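One-letter residues, chain by chain:
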Amino acid sequence: MGSYPTKEVLSDLIDGTLDWPRVKQIMSSPKDPDRFAKYLAVLQERVPWRQRILLPLGEHLYIVAKGAKRIVKCGCGREFGDWRENWKLRALVYVRNTAESLEQLYPGPRCPDPQWCEVREFYCPGCGAQLEVESVPPGYPITFDFLPDLDGFYAKWLGEPLAEEMPAEDRSTALTRGWAREEGK
Ligand SMILES: [Zn+2]
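Residues numbered from 1 in each chain as written. Predicted model: local features only at pLDDT ≥ 70, side-chain atom pairs only at ≥ 80, totals over all residues. Heavy atoms only, no water.

1. A word on the nonpolar core
Right, so step 1: Among the nonpolar cores identified, the biggest contains 27 residues, and I53, F80 and W87 are the most heavily contacted of them.
Right, so step 2: Of all elements in the fold, only α3 (35-46), β1 (53-56), β2 (61-66), β3 (69-74) and α5 (150-157) reach the threshold of two or more residues within this core.
Right, so step 3: The dominant element in this core, judged by the number of residues it contributes, is β2, at 4 residues.
Right, so step 4: With residues up to four places along the chain from it excluded, the contact list for W87 reads L57, L61, V72, F80, F122, L131 and E132. (Core = buried A, V, L, I, M, F, W, Y, C linked by side-chain atoms within 4.5 Å. Buried < 20%, exposed > 50% of the residue type's maximum accessible area, 1.4 Å probe, protein only. Helix = DSSP H or I, 4+ residues; strand = E, 2+ residues; numbered from the N terminus. Contact = heavy atoms within 4.5 Å.)

What follows is the structure, encoded as structure tokens:
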């Protein structure tokens, strides 16, 4: 059982090219213990850089080991800083906060009221890929979608602790505070 699904099948699963009965079969079957390692190996083969992928964050983003650091990196190579700083703070953002721009997404009566809702689209400054979209009330702080406890995951779930423990604490405010200080100079 340990070898199913194969790396090739897993690769098709990631691309969404497997037919539904096959996908359902994989979903319903017990997970092979090395599934995550195999998954990472498929992803690692697809990126043009060598740093070790620790965890994928989405279709284009990964948390990778860069020396002793853990950073967020796009498939294109663009780096977004420490994984505990919200990567969105280093992305390009397009905000839809007018009826006209929201209408493009929600034509007709489904269009939200821009007084109550804005849509923020985040893009990679390196390759232009759309990385994330959030829909929030105007003025709402940029959401930090996912701050994983990498040490907990590797030590307790995978049984392969990472070299150096780093607490998964949100450092986004320290980053923006630093920018504010620079602006004040
Ligand atoms: Zn990119």
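2. Here we look at the packing of helix α1 (residues 7-15) against α3
Right, so step 1: The N-to-C vectors of α1 and α3 enclose an angle of 70°; their axes lie 10 Å apart at closest approach. In this view, α1 runs roughly perpendicular relative to α3, as classed from their interaxial angle. Taken as a pair, α1 and α3 cross one another with a handedness that is right-handed. Packed against α1, whose contacting residues are K7, L10, S11, I14 and D15, the element α3 presents R35, K38, Y39, A41, V42, L43, E45 and R46 at the interface.
Right, so step 2: When its residues are assigned to classes, the contact of α1 with α3 shows 6 nonpolar, 1 polar and 6 charged. (Axes fitted to C-alpha atoms, helices over the stretch in contact; angles between N-to-C directions. Parallel < 35°, antiparallel > 145°, perpendicular 65-115°, else oblique. Left-handed = near helix turned anticlockwise from the far one by under 90°. Nonpolar A, V, L, I, M, F, W, Y, C, P; charged D, E, K, R; others polar.)

3. What to know about the coordination of the zinc ion
Right, so step 1: Distances from the zinc ion to its protein donors, C74 (SG), C76 (SG), C124 (SG) and C127 (SG), fall at 2.3 to 2.4 Å.
Right, so step 2: Taken together, the 4 donor atoms coordinating the zinc ion and their angles of 106 to 111° define a geometry best described as tetrahedral.
Right, so step 3: Along the chain, the residues donating to the zinc ion fall in the pattern C-x1-C-x47-C-x2-C. You can see C76 sitting in the loop between β3 and β4 (79-82) and its partner C127 sitting in the loop between β6 (118-123) and β7 (130-136), a full 51 residues away along the chain. (Donors = N, O, S within 2.8 Å, 3.2 Å for Na, K, Ca; no water. Tetrahedral: all angles 85-135°; square planar, octahedral: opposite > 155°, others 65-115°.)

4. Digging into α1
Right, so step 1: What α1 keeps buried is the set V9, L10 and S11.
Right, so step 2: Where α1 is buried, its residues contact α2 (20-28) and α3.
Right, so step 3: Of the residues trailing α1, G16 is marked for its positive phi of about 75°.

5. Describing the sheet that holds β6
Right, so step 1: Within the open sheet, the 3 strands sit side by side as β5-β6-β7. Their pairing is antiparallel. Two strands lie at the open edges of the sheet, namely β5 (92-96) and β7, each paired on one side alone. Within the sheet, the average angular offset between the axes of one strand and its neighbour, ignoring direction, is 20°.
Right, so step 2: Note: β5 against β6, 5 bridges, orientation antiparallel. Across the sheet, the residue bridging to L92 is Y123, located in β6. (Pairing = 2+ DSSP bridges.)

6. Regarding the side chain of E134
Right, so step 1: Locating E134 in the fold gives a position in strand β7.
Right, so step 2: Of note is the side chain of E134, whose polar atom sits 2.6 Å from the side chain of K88.
Right, so step 3: Here the side chain of E134 touches T143 through a polar contact of 2.3 Å, side chain to side chain.
Right, so step 4: Setting aside chain neighbours within four positions, we find E134 in contact with K88, E118, V119, R120, F122, I142 and T143. (Polar contact = N/O pair within 3.5 Å; in protein donor to acceptor, adjacent residues only side chain to side chain.)

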